[in-house]
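# A look at the structure
Single-letter residue listing:
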Amino acid sequence: MTFRFPVRIYWEDTDAGGIVFYANYLKFFERARTEWLRSLGLGQQRLREQTGGMFVVTDARLRYLRPARLDDELIVTAHLQETGRASLTIVQQALLNYEQAPNQPPVLLSEGTIRIGWVDAASMRPARIPNTLLEQLS
């Protein structure tokens, strides 16, 4: 199942050329992953408090296909691709949502594969993802 999260583009998201600064897609993807977890009842602060562990990004691979601009509405997705004992691989997309033409399908702007690892929050050392958490994710 693919999680969808709306993002509006503001001045602060754009560069001098009036398009979304490339690094901001990482922020949009982070927000979508966080809200995906929250939608499953897995708030990250609560996870840390209850388990002593937390997720950290260990690898990010992005492709940029088309620019987003000021006032655009994006749909940012998160889809769990692979689950390991200590990491998750999540495929994400940023899609332009045409508000004025609702019958037109969203256009792919950027896509990425993000790997997040589970670590002990105190030591920052890799750890196994708790089984109860893995069950909630599947």
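As a reminder, the structure under discussion sits directly above these lines.
A short tour of the structure in this document, coming up. Since this is a predicted model, take the numbers as computed values, not measurements. (Residues numbered from 1 in each chain as written. Predicted model: local features only at pLDDT ≥ 70, side-chain atom pairs only at ≥ 80, totals over all residues. Heavy atoms only, no water.)

### Focus on the nonpolar core
The biggest cluster of nonpolar side chains holds 32 residues, and the ones touching the most others in it are Phe-55 and Leu-74. Put simply, the parts of the chain that give this core at least two residues each are strand E1 (3-8), helix H1 (24-39), strand E3 (73-83), strand E4 (87-97), strand E5 (107-120) and helix H3 (131-137). Ranked by residues supplied to this core, first place goes to H1 with six residues. The residues touching Phe-55, leaving out its near neighbours within four places in the chain, are Leu-37, Leu-47, Leu-88, Ile-116, Gly-117, Trp-118, Ile-129 and Leu-133. (Core = buried A, V, L, I, M, F, W, Y, C linked by side-chain atoms within 4.5 Å. Buried < 20%, exposed > 50% of the residue type's maximum accessible area, 1.4 Å probe, protein only. Helix = DSSP H or I, 4+ residues; strand = E, 2+ residues; numbered from the N terminus. Contact = heavy atoms within 4.5 Å.)

### Some thoughts on the packing of aromatic side chains
As enumerated under the stated definition, the model contains five aromatic pairs in all. A ring pair is formed by Phe-55 and Trp-118, whose centres lie 4.8 Å apart and whose planes are at 75 degrees; its orientation type is edge-to-face. Of the two residues, Phe-55 sits in strand E2 (residues 53-64) while Trp-118 sits in strand E5, which places them 63 residues apart along the sequence. Overall, the relative accessible area of 11% leaves Phe-55 in the buried class. Here Trp-118 falls in the buried class, since its relative accessible area comes to 4%. Connected via pairs of aromatic rings, a cluster forms that spans Phe-21, Tyr-22, Tyr-25, Phe-28 and Tyr-64. (Phe/Tyr/Trp six-rings, centres within 6.5 Å; stacked < 30°, edge-to-face > 60°.)

### Describing the sheet that holds E2
A sheet is described by the order of its strands in space; here five strands give the open sequence E1-E3-E4-E5-E2, paired in antiparallel fashion. In the strand order of this sheet, the two ends are held by E1 and E2, each with one partner. When strand polarity is set aside, the average angle formed by the axes of neighbouring strands in this sheet is 25 degrees. By the bridge criterion, eleven bridges tie E2 to E5 in an arrangement that is antiparallel. Residue pairing in the sheet places Leu-62 in a bridge with Gly-112 of E5. Along the sheet, helix H2 (residues 44-51) contacts E2 and E5; its crossing angle with E2, the most-contacted strand, is approximately 145 degrees. (Pairing = 2+ DSSP bridges. Axes fitted to C-alpha atoms, helices over the stretch in contact; angles between N-to-C directions.)

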